[in-house]
Amino acid sequence: MRKLIIAAVAALTMSMGTAQASGEYHPDFKEASWSFEGFFGRYDQAQLRRGYQIYSQVCSACHGLRLLSYRNLSDLGFTEDEIKEIAAEKSVRVPHDEVGAELNDDGEFFTREAKPSDRFVSPFPNDAAAIDANGALPPDLSLIAKARIGGPHYVYSFLMGYAEEIPEEVSSQKGFTVNEDKNFNLYYPGYYNSMPSQIYDEMVEYEDGTPMTADQHAKDIVAFLNWAAEPELDERKSLGLKVMLFLLVLTAMLYALKRKIWADVKH
Amino acid sequence: MSSPEWKNPVIKWVDTRLPVFSLMHHSTAGYPSPRNLSYWWNFGSLALTVLIVMVLTGIFLVMNYTPHVDMAFDSVERIMRDVNYGWLIRYVHMNGASMFFIVVYVHIFRGIYYGSYKGPREILWILGVVIMLLMMGTAFMGYVLPWGQMSLWGATVITNLFSAFPIVGDFIVTLLWGGFSVDNPTLNRFFSLHYLLPFVLFAVVGLHLWALHSVKSNNPLGVEIKQPEDAIPFHPYYTIKDLFGMSLFFMFFLFFVFWAPNFFGEPDNYIPANPMVTPAHIVPEWYFLPFYAILRAITFDFLWIIPAKLGGVLAMFASILVWIALPWLDRSKVRSARFRPVYKWFFWVLVADFVFLGYLGKMPAEQPYVIMAQLATLYYFAHFLVVLPLMAKLEKSVELPESIAAAVLKKGDA
Ligand code: HEM
């Protein structure tokens, strides 16, 4: 009986994590798996580079990655010179020139080329400008893979979740109305999103021979965004394995010692 | 037990002037513990371990954290990305809070099962309740520091509760906020208090252990130590057992740190705080959920004098404060549930009720969850205020063993 209670308690606590609080209908996340998942999972550097390519050619037109620095791209295998070049394409504002002037002769702010130590330059000068251009604020993507329930699985399903036909389960819900101005997405809370569908076959040109399907593109950009959100993952898991191995041996030794010390005590 | 004669002249010299060595001896090799403590008795030392881990990681976090609404979120991300092993320090601190509550919940329910709150351990127990309250305050304020969406909105919801109190309510809320909403002054005072409270915790844990060492541990039989054969010295027997437990526990703890560091967290807290956007669901951390369910269960006015909101707040506080009265609500002479055939069952029903409340705390405040939470809350209080006092009168306990040694030495012969 006690076992039964414990099992019930365990089941309840488990369901607590996954329970969706809102009543809105959304299908289960689309099937997908990544190399960085699981106990031994690690990032696939080639995939991260493909993902970065998509980010820089497509998403970066609207979305920032303000928590990353250009130098972080060395994780993806870019050389120092390559990183310098990538950074130099962007410019950052300088508060004033050598003599303290804040504006140049044309009345504009001073700028300089970005350096590897600079943070990624966001596409819009501020939120208001971003909203003005897009109808809604394109969120900064630095942490998006950690900031949604389901993490990478949500982002992947969201990117692949644009649908022409509105399924019966959605349209039959009380209070559901069609919104012609926005884009229908099966996974987005409230369904209607200001971002048009971004992912399609051959959206970027891969150089490593990987098939350029929409699905592959989506997986690659999600892997990249997951790296952007947790760049420490590889280091974390490999340190974890070492620590666990150490603790296993330590625990075994302490257990043996405990048995020995307690050997002649009845308890 | 008297102090040993110290042979080493330096130790002897120091000890006659400041008896630290005698103190250490008294609380280890010279400290008698029941010989039959089970692994449920490991959780006290585990709690102390987690407290130390929290303080150490916390001190290192503070070296790189900036308590300002414009910089707090980014400074935490800087710790995660740019500070050497910053991710490790932060994930240990973050998951450590959850571990602290897991360990202390087990510790508390262990005490409830084995009647450890009964005389002469009432003060020990009450100090435990004080520790729990301090922990809750510390954890709540710590959660505000990264200044994510849940930090801001959780703080807003919880601090707002105090406005339910008549007359002084608004004053208290303004005092907590340092202004008229949760803002930079709130973040600053919470940061200050979050650093202070763990040291207050240390002090109260010190008292808790002082009380423990004067009344000694209870044990699974609930029969006091009566003769030398009932006890063994704490050191080496329980030092090694605690160390072994600690090592096992760290495997559990660090599994989350290395492989599922955000398992206990809310994704919304990775969105920077924004006073203009309210999250769809504001939920507190998992360890507050049972109490949050009790808070929200009171949706009706009491006798026209206590409005629902105040009722909820009072019920929530009462649900913890009732533990203080536990030694006087449960008058049964028998401590351990092992010898209380009826109480044993009600104990597990209470555990199930508490976990169920936790589940309901996560659910939206709509039917059927509201009525379920009301019933679960009613049962929670009924357990303490009705079931326990009645059971003390009606229950027939099984015969107690004569002594710890008698029970232990009888079973098996090796
Ligand atoms: C920071 C949190 C806490 C720390 C560090 C702590 C530490 C300890 C330690 C080291 C022991 C002795 C080992 C053991 O019996 O497990 C103990 C015993 C005890 N604690 Fe705590 N404790 C904490 C919180 C609490 C709380 C919240 C309660 C109850 C509300 C509590 C109630 C007790 C009781 C009743 C005992 C005596 C148990 C027995 O001998 O049966 N403690 N504590």
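Now for a look at the structure at hand. (Residues numbered from 1 in each chain as written. Chains lettered and ligands numbered in written order. Predicted model: local features only at pLDDT ≥ 70, side-chain atom pairs only at ≥ 80, totals over all residues. Heavy atoms only, no water.)

1. Observations concerning the site of the ligand
Residue and element names in this part refer to chain B. Taken together, 23 residues lie around the ligand, and His107, Ser116, Gly128, His208 and Asn218 are the ones closest in. One of the backbone N or O atoms of tryptophan 41 is found 3.1 Å from an oxygen atom in the ligand. One of the backbone nitrogen or oxygen atoms of asparagine 218 is found 2.9 Å away from an oxygen atom of the ligand. Looking at the shell around the ligand, the elements that each hand over two or more residues are helix H3 (43–62), helix H5 (86–113), helix H6 (122–144) and helix H9 (184–215). (Near = heavy atom within 4 Å. Polar contact = N/O pair within 3.5 Å; in protein donor to acceptor, adjacent residues only side chain to side chain. Helix = DSSP H or I, 4+ residues; strand = E, 2+ residues; numbered from the N terminus.)

2. Things to note about the interface of chain A and chain B
Between chain A and chain B, the contact holds 49 residues from the first and 56 residues from the second. Of the roughly 4700 Å² buried between chain A and chain B on both sides combined, carbon and sulfur atoms contribute 70%. Between chain A and chain B we count three salt bridges in total. The tally of links from chain A across to chain B stands at 12 residue pairs in polar contact (both at pLDDT 80 or more). Secondary structure elements with two or more residues in the side of chain A that touches chain B: helix H1 (2–18), helix H7 (214–229) and helix H8 (233–262) of chain A. For the side of chain A that touches chain B, the element with the most residues is H8(A), which contributes 18 residues. Looking at the side of chain A that touches chain B, its residues break down into 29 nonpolar, seven polar and 13 charged. (Contact = heavy atoms within 4.5 Å. Buried area = accessible area lost by both parts, 1.4 Å probe. Salt bridge = Lys/Arg side-chain N within 4 Å of Asp/Glu carboxyl O. Nonpolar A, V, L, I, M, F, W, Y, C, P; charged D, E, K, R; others polar.)

3. Comments concerning the nonpolar core
Membership of the largest hydrophobic core comes to 131 residues, with the highest contact counts inside it found for Trp147(B), Trp323(B), Tyr380(B) and Phe384(B). By residue number, the principal contributor to this core is H5(B), which donates 15 residues. Both domains that furnish three or more residues to this core are identified here as domain 1 (31–284) and domain 2 (289–324 + 341–396) of chain B. Those residues in contact with Trp147(B) that lie beyond four places of it in its chain are Val69(B), Ala72(B), Phe73(B), Leu152(B), Val182(B), Asp183(B), Leu187(B), Pro272(B) and Ala273(B). Within the second largest apolar cluster, 51 residues are counted, among which are Tyr70(A), Leu76(A), Phe78(A) and Phe224(A). (Core = buried A, V, L, I, M, F, W, Y, C linked by side-chain atoms within 4.5 Å. Buried < 20%, exposed > 50% of the residue type's maximum accessible area, 1.4 Å probe, protein only. Domains from an automatic or database assignment.)

4. Topic: the side chain of Ser75(B)
Residue and element names in this part refer to chain B. Locating serine 75 in the fold gives a position in helix H4 (residues 72–81). A relative accessible area of 6% places serine 75 in the buried class. At a separation of 3.1 Å, a polar atom in the side chain of serine 75 contacts the main-chain amide nitrogen of threonine 66. Once residues within four sequence positions are removed from consideration, serine 75 is found in contact with Asn64, Tyr65 and Thr66.

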